[in-house]
Amino acid sequence: MNNDINEIYQRFGEKFCMCPFLGGFYQSHGVTPKHQNTKASTITPCSLTYWENDQQFHVVNNSIHQSRNTEVWRNMRRAFAEGRYEELPQCKICHEAERSGGHAARFGANLHFTTNCRDINLVDEIQKIIDNDYYTDRVATLDWFPSNYCNYSCVMCAGGASSSRMSFENDQRRQQKIDFELEMKQYDVDISTQDLSRFDTQHIIHNAETDDFIDVINGLDVINFTGGETIMQKKVRDMIVKLSNSENAKNKTIFLLTNASSYPEDLMPVFEKFYRVIYMCSIDGTGPALEYQRRNSHWAEVEQNLSRFRDRRSEYPNIRLQCCSTVNIFNILYLAELAHWIDAQGFDFIYWNMLHEAFYFSISTLPDLAKYYVKKKLDGQDVAADTR
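Quick look at the structure, then. Quick caveat: nothing in here was measured; it's all calculated off a predicted structure.

1. Things to note about the overall build of the chain
Counting secondary structure elements, the chain contains 15 helices and 12 strands. Since a compact globule built from 388 residues should have a radius of gyration of about 21 Å, the 22 Å found for the chain is in line with a globular shape. When the backbone C-alpha atoms are referred to their principal axes, the chain occupies close to 70 × 50 × 45 Å. Residues counted as buried form 50% of the 388 residues belonging to the chain. Long-range contacts, defined here as pairs at least 24 residues apart, represent 70% of the contacts in the chain between residues at least 6 apart. When the accessible surface of the chain is totalled, it reaches about 19,000 Å², and 49% of it is carbon and sulfur.

This is the structure:
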């Protein structure tokens, strides 16, 4: 079935987002201070959803379906259907991107739906949800974030998304606490009067999946595995094998977000059982520029793994290679070199992403003079149109 992105915007408005209607970002773990032993799983419309109330998107009654039909979810659907997108505080990151002249992430998300949801008429399904007072049990595509386990400790990352980064951050907190206590002792301040919570180390709580998780997974058109480094996580690998043995595997598309630090030789025969496998490689620079941003990475290793994928394309024609590059203050001056490299690799799809968190690493925080020199350097670069 062909879903036309223009038909979506003509029917529901140019600022419409399909994520609250047919998507979800399910995180079956949580990060919490070491002295706490519980942390609820969450499900949000997308990975960029913003909320201040910590319980607003908690999984309720151990059910994805019920959690997606709480009042906050239904209010978001209603606001998009009625053209009141600007009123949604949960869409803060898209708001800020547009206010600064950037491209809101929802456009990429909508394209994800129309490109990959082949067995559903999106316009009809969205209209059914609107007519049903914004209730739905239909999930077309789900992002699943089972763990933060990752071998990289990227400078622009956080402990919640990388176990290696969490170890680094915990080491920093311990040292900062020691330094603070020494300083207080130097000034004869009673340490018991001080709030030391900011030095608390963190750990991850893994939760069991919801009671209806398998039912949701089986009904999906598209599942996006995210992390952490997905290909290194046992839960992800086990689920891929499980799905490959299902009757409708040949109708499913799976996305794997990866740093390309390894090559999943054992999973290649499993991948060919699916309709399509999109291997999404996060690559934000080349050579030393990558190794600086993505600590513990080795550029030669990344290039070798990508080469192995390209060499076996004829053997596994259902596998697609995608390059996802996040623009940030660390790579902004090297984008031309990165773009030239990307252009030479023959990726099936290229996606330039703007870094949103941590905000102080966003290029929007650069002073005007720095922006001027960046623009001067990048203007006129001979980069292929498809890579820009």
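2. Re unusual backbone geometry
In this model, G227 is joined to G228 through a cis peptide bond whose omega is 25°. By secondary structure assignment, the location of G228 is in the loop between β7 (222-225) and α10 (234-244). The phi dihedral of Y134 falls on the positive side, at around 70°, and the residue is not glycine. Relative to the assigned elements, Y134 resides in the loop between α7 (122-131) and β4 (141-145).

3. Quick word on the packing of aromatic side chains
Counted by the stated rule, this structure contains 20 aromatic pairs. Arranged with centres 5.0 Å apart and planes meeting at 25°, the rings of F12 and F16 form a pair that is stacked. Measuring from ring centre to ring centre gives 5.0 Å for Y263 and F309, while their planes differ by 70°; the resulting arrangement is edge-to-face. With Y263 in the loop between β8 (253-258) and α11 (268-271) and F309 in helix α13 (residues 299-311), this pair connects stretches of sequence that are 46 residues apart. By way of ring pairs, the aromatic residues F12, F16, F21, F80 and Y85 are connected into one cluster. Positioned over the ring face of F180 is R198, at 4.8 Å from the centre of the ring.

4. Digging into the nonpolar core
In terms of nonpolar packing, the biggest core is built from 94 residues, with F225, I240, F271 and I283 touching the most fellow members. Apart from the residues within four sequence positions on either side, I283 is in contact with L290, W299, V302, L306, C323, C324, S325, L338 and W341.

5. Focus: the state of the cysteines
Applying the stated rule across the entire model yields zero disulfides. Not engaged in a disulfide, the cysteine C94 finds its nearest cysteine sulfur in C91; these two sulfurs lie 6.3 Å apart. With no disulfide of its own, C157 lies 5.7 Å from the sulfur of C154, the closest cysteine sulfur. C157 gets classed as partly exposed once you look at its relative accessible area, which sits at 25%.

6. Digging into the sheet that holds strand β1 (residues 25-27)
Read from one edge to the other, the open sheet built from eight strands follows the order β3-β1-β4-β7-β8-β9-β11-β12, with strand pairing classed as mixed. Each of the sheet's edge strands pairs with one partner strand only, and the pair in question is β3 (42-44) and β12 (349-354). The sheet shows a mean angle of 20° between the axes of neighbouring strands, direction not considered. In terms of strand pairing, β8 meets strand β9 (residues 276-282) through six bridges, oriented parallel. If you follow F255 over to β9, its bridge partner there is I278. This element, α10, spans β4, β7 and β8 of the sheet and lies at about 160° to β7. Sitting on the sheet, helix α14 (residues 335-343) is in contact with β11 (319-327) and β12, with an inclination near 160° to β12.

Thresholds, definitions, all that
Residues numbered from 1 in each chain as written. Predicted model: local features only at pLDDT ≥ 70, side-chain atom pairs only at ≥ 80, totals over all residues. Heavy atoms only, no water. Helix = DSSP H or I, 4+ residues; strand = E, 2+ residues; numbered from the N terminus. Rg over C-alpha atoms; globule rule 2.2 N^0.38 Å. Buried < 20%, exposed > 50% of the residue type's maximum accessible area, 1.4 Å probe, protein only. Contact = heavy atoms within 4.5 Å. Areas by Shrake-Rupley, 256 points an atom, 1.4 Å probe, with all protein chains shown as cover. Phe/Tyr/Trp six-rings, centres within 6.5 Å; stacked < 30°, edge-to-face > 60°. Lys NZ or Arg CZ within 6 Å of the ring centre and 35° of its normal. Core = buried A, V, L, I, M, F, W, Y, C linked by side-chain atoms within 4.5 Å. Disulfide = S-S within 2.5 Å. Pairing = 2+ DSSP bridges. Axes fitted to C-alpha atoms, helices over the stretch in contact; angles between N-to-C directions.

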